[in-house]
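This is what each chain is made of:
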Amino acid sequence: MSRLRTARTAAALVAVIALAAGCSGSGGKDSEDKADEPSGGQGVSTPRLKIAMVTHSGEGDTFWDIVRSGAKQAAAKDNVDFLYSNDKEAKGQAELVQAAIDKKVDGIVVTLAKPEAMEAVLGKAKAAGIPVVSINSGSQFSQKYGALSHIGQEESVAGEAVGTKLADEGRGHVLCVVHEQGNVSLEQRCAGVKKTFKGTVENLNVDGTNAPGSQSSIEAKLQADKSIDAIVALGAPVAALAVKAKDGAGSEAEIATFDLNAEVVRRLKAKEVTFAVDQQPYLQGYLAVDELWLFKTNGNVLGGGKPVFTGPALVTGKDVPQLEKYTARGTR
């Protein structure tokens, strides 16, 4: 698989830690989630820490199961009590961060999909002496809001790679499906596609937590405009909906997607999806918890204040044999 950006710091860390297989939780779980106890005994002898992860995940988004799987594995190794919570609404996410502060956790992992809503509460975390690591979205706000570092992919670069590939394939009209309005990372992806694509790029806003409604919106758009010859889904669950919408509309459009899960890998194998952008969510969860443990026990900071990149990588049908093994256990 082609690597578009080398995450040097992340790679160095991964070289000295053993990544064991994690277990996926249920999609879109809203309640707080404690890590499973390590089956092989405690991995380190450092004091027990409590680390909270608060994301903007909506209901049913399997991407966050993979993030949480990586975080749980690092927590098991690092003697960490891992607490997970999520809210797709910015206000709700900020309130969950405040709840973590009130519990006097030892560290917080947070996403910055709607960054302005998080600025004040992250300031409170800093005032309370609680270190923060941001992951996945809003990398440009991470340092400004006091985070130790940001772990994820550069969304604009990922979008540009998708635009270039579709242009090279001779496509002329791309439909970029945005499943969460106001999410800065999703907007950056579509903007990146538009930057390098030579034809027309049109955004379509749908509610990613409403699968039937999202599928109907995509299908209606394809029926109304037969010139659309490529669909870019910005999340794995949306890719499955795009396949169904394409069939319903009788469209011949190519489908590409951001992110992986077992179903996307099956659709790559069936040639229903031509390629996917992998940002390695397992690594985002794992490295974030591990960084907070390293910071608390040894004063380490990854990246020197710069983002630590976990992607992007483009994967296609030729990568399926390897990916099937990993997605089956919930780590890719």
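Scroll up to find the structure this text is about.
On a predicted model such as this, the values are computed, not experimentally measured, just so you know.

(A) Main features of helix α4 (residues 119–127). The complete set of buried residues in α4 reads Val121, Leu122 and Ala125. Considered in projection along α4, the buried side chains sweep an arc of 100 degrees and stay on one side of the axis. Those residues of α4 that are exposed and angled more than 90 degrees off the buried face are Ala120, Lys126 and Ala127. Where α4 is buried, its residues touch α3 (90–102), β5 (107–111) and β6 (132–135). Where α4 terminates, the next one or two residues include glycine 129, which has phi positive at roughly 75 degrees.

(B) Looking closely at the pattern of salt bridges. Across all of its chains, the model carries 15 salt bridges by this definition. A salt bridge links glutamate 169 to lysine 165; the nearest nitrogen and oxygen atoms lie 3.6 Å apart. Counted as one network, the salt bridges with shared partners bring together Lys77, Asp78 and Asp290.

(C) Layout of the nonpolar core. Judged by nonpolar contacts, the single largest core of 30 residues is most densely connected at Met53, Phe82, Val109, Val133, Ile135, Ile151 and Val289. The set of elements that each furnish at least two residues to this core consists of β3 (49–55), α2 (63–78), β4 (80–86), β6 and α11 (281–298). Ignoring sequence-local partners within four residues, the contact set of valine 109 consists of Ile51, Ala52, Met53, Val54, Val133, Ile135, Ala288 and Leu292. Grouped together as the second largest cluster of nonpolar side chains are 27 residues, Ala242, Val243, Val264 and Ala276 included.

Cut-offs and rules
Residues numbered from 1 in each chain as written. Predicted model: local features only at pLDDT ≥ 70, side-chain atom pairs only at ≥ 80, totals over all residues. Heavy atoms only, no water. Buried < 20%, exposed > 50% of the residue type's maximum accessible area, 1.4 Å probe, protein only. Helix = DSSP H or I, 4+ residues; strand = E, 2+ residues; numbered from the N terminus. Arc of directions from axis to C-beta. Contact = heavy atoms within 4.5 Å. Salt bridge = Lys/Arg side-chain N within 4 Å of Asp/Glu carboxyl O. Core = buried A, V, L, I, M, F, W, Y, C linked by side-chain atoms within 4.5 Å.

Function cannot be read off these values alone, since they describe shape.
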